[in-house]
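# Structural description and commentary
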Amino acid sequence: MAFQVTGFALLAVFYACYFRKMHLQRKQGIKTNQLGRGKSGPGKWLELAVSAGNWAAAAGMVWAVVSDGPGLPVWARLTGAVLSAAGVLMFALAVADMGDSWRAGVPVSEETALVTDGIYRISRNPAFLGFDLLYLGMALLFFTPPSALLSAAAAGLLHGQVLLVEEPFLGERFGPAYEAYSRRVNRYFGRKR
């Protein structure tokens, strides 16, 4: 029962952060969800797959928490709780530090800023890293083959989003400033010399 309470609390905080930010931006006239909007070709389809994959992973995680089968040993479940909590914290910091430039998907027609402060000093993609840590942690905390598979697929799609959509967009939009930032900060975690 304690694992279930922990799992529901972690998911609730994570998605509350996500939807609260969307709500606050909507009140300012900002369309946060840009996944597949105003795009064509492979980028559009990848972003739509990312959206579907994340919703499927979320449903899989909720199902795994509700069913709370025998799962993995306690040490693995505790490790999962820590990783999930780290993912929630990483995501919350990313959303806060991004301010009004935060979007789900790349904003083709909206102005955003290149954010390099806060958590973005040690990760170019802390929100994506937050999702990945949450997915990995929940897979350990409430292991079921279907939910682990959905989480792995969603993480793979997010990585594709970073490589094939986000980084090319940022390179094109911010040019030399993004190139210099990429030379200083790793894609997911750590600074370069």
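Quick look at the structure, then. (Residues numbered from 1 in each chain as written. Predicted model: local features only at pLDDT ≥ 70, side-chain atom pairs only at ≥ 80, totals over all residues. Heavy atoms only, no water.)

So, about the overall build of the protein chain. A tally of regular secondary structure across the protein chain gives five helices and zero strands. Relative to the 2.2 N^0.38 estimate, which gives 16 Å for 193 residues, the radius of gyration of the protein chain is 17 Å and therefore close to what a compact globule would have. Among the 193 residues that make up the protein chain, the fraction classed as buried is 49%. Long-range pairs, those at least 24 residues apart, make up 81% of the contacts in the protein chain between residues at least 6 apart in sequence. Total accessible area on the protein chain is roughly 9,700 Å²; 67% of this is exposed by carbon and sulfur atoms. With 19 positive and 12 negative side-chain charges, the protein chain shows a separation of 2 Å between the mean positions of the two kinds. (Helix = DSSP H or I, 4+ residues; strand = E, 2+ residues; numbered from the N terminus. Rg over C-alpha atoms; globule rule 2.2 N^0.38 Å. Buried < 20%, exposed > 50% of the residue type's maximum accessible area, 1.4 Å probe, protein only. Contact = heavy atoms within 4.5 Å. Areas by Shrake-Rupley, 256 points an atom, 1.4 Å probe, with all protein chains shown as cover. Lys, Arg positive; Asp, Glu negative; His and termini not counted. Charge placed at Lys NZ, Arg CZ, Asp CG, Glu CD.)

Following both chains from N to C, one finds helix H1 (residues 2-27) and helix H4 (residues 126-141) inclined at 165°, their axes separated by 11 Å at the closest point. Viewed along their axes, H1 and H4 adopt a mutual orientation that is roughly antiparallel. Handedness of the crossing formed by H1 with H4: left-handed. Residues Phe 3, Gly 7, Leu 10, Leu 11, Phe 14 and Tyr 18 of H1 touch H4, and the partners they reach there are Gly 130, Phe 131, Leu 134, Met 138 and Leu 141. Taken together, the residues of the contact of H1 with H4 sort by class into nine nonpolar, two polar and no charged. (Axes fitted to C-alpha atoms, helices over the stretch in contact; angles between N-to-C directions. Parallel < 35°, antiparallel > 145°, perpendicular 65-115°, else oblique. Left-handed = near helix turned anticlockwise from the far one by under 90°. Nonpolar A, V, L, I, M, F, W, Y, C, P; charged D, E, K, R; others polar.)

A word on helix H5 (residues 145-184). Look at H5: only 38 Å from first C-alpha to last across 40 residues, short of the 58 Å you get at 1.5 Å a residue. Gly 175 marks where H5 bends most, by close to 125°; the proline Pro 176 follows one to four residues later. (Expected span 1.5 Å × (residues − 1). Bend = angle between axes of the 7 residues up to and from the residue.)

Now for the side chain of Arg 124. In this fold, Arg 124 is placed in the loop between helix H3 (74-98) and H4. A relative accessible area of 11% places Arg 124 in the buried class.

Across all of its chains, the model carries twelve aromatic pairs by this definition. Pairing Phe 91 with Trp 102 gives two aromatic rings, centres 6.2 Å apart and planes at 85°, and the pair type is edge-to-face. In this pair, Phe 91 is assigned in helix H3 and Trp 102 in the loop between H3 and H4, connecting sequence segments eleven residues apart. Taking the relative accessible area as the measure of exposure, Trp 102 reaches 4% and is therefore buried. One aromatic cluster in this structure is built from Phe 14, Tyr 15, Tyr 18, Phe 19, Trp 55, Phe 91, Trp 102, Phe 131 and Tyr 135. (Phe/Tyr/Trp six-rings, centres within 6.5 Å; stacked < 30°, edge-to-face > 60°.)

With that out of the way, let us pick up a positive patch on the surface. A contiguous patch of positive charge on the surface is contributed by Arg 121, Arg 183, Arg 184 and Arg 191. Here Arg 191 is to be found in the segment after H5. Residue Arg 191 is classed as partly exposed on the basis of its relative accessible area of 48%. (Patch = residues over 30% accessible without salt bridge, like charges linked within 9 Å, V, L, I, M, F, W, Y side chains within 5 Å. Salt bridge = Lys/Arg side-chain N within 4 Å of Asp/Glu carboxyl O.)

To continue, consider H1. A rise of 1.5 Å per residue sets the reference length of H1, with its 26 residues, at 38 Å; its end C-alpha atoms lie 37 Å apart and thus fit the reference within 8%. Considered for burial, the residues of H1 that qualify are Phe 3, Gln 4, Gly 7, Leu 10, Leu 11, Phe 14, Tyr 15, Cys 17, Tyr 18, Lys 21, Met 22 and Gln 25. Looking at the buried side of H1, the elements it contacts are helix H2 (41-67), H3 and H4. Looking at the residues trailing H1, positive phi occurs at Gly 29, about 85°.

Turning our attention to the nonpolar core. In globular proteins that are soluble, nonpolar side chains generally tend to be buried together. Counting 51 residues, the largest nonpolar core has Phe 91, Tyr 135 and Met 138 as the members making the most contacts within it. Put simply, the parts of the chain that give this core at least two residues each are H1, H2, H3, H4 and H5. By residue number, the principal contributor to this core is H5, which donates ten residues. Beyond its immediate stretch of four places on either side in the chain, Phe 91 contacts Phe 14, Cys 17, Tyr 18, Trp 102, Pro 126, Ala 127, Gly 130 and Phe 131. (Core = buried A, V, L, I, M, F, W, Y, C linked by side-chain atoms within 4.5 Å.)

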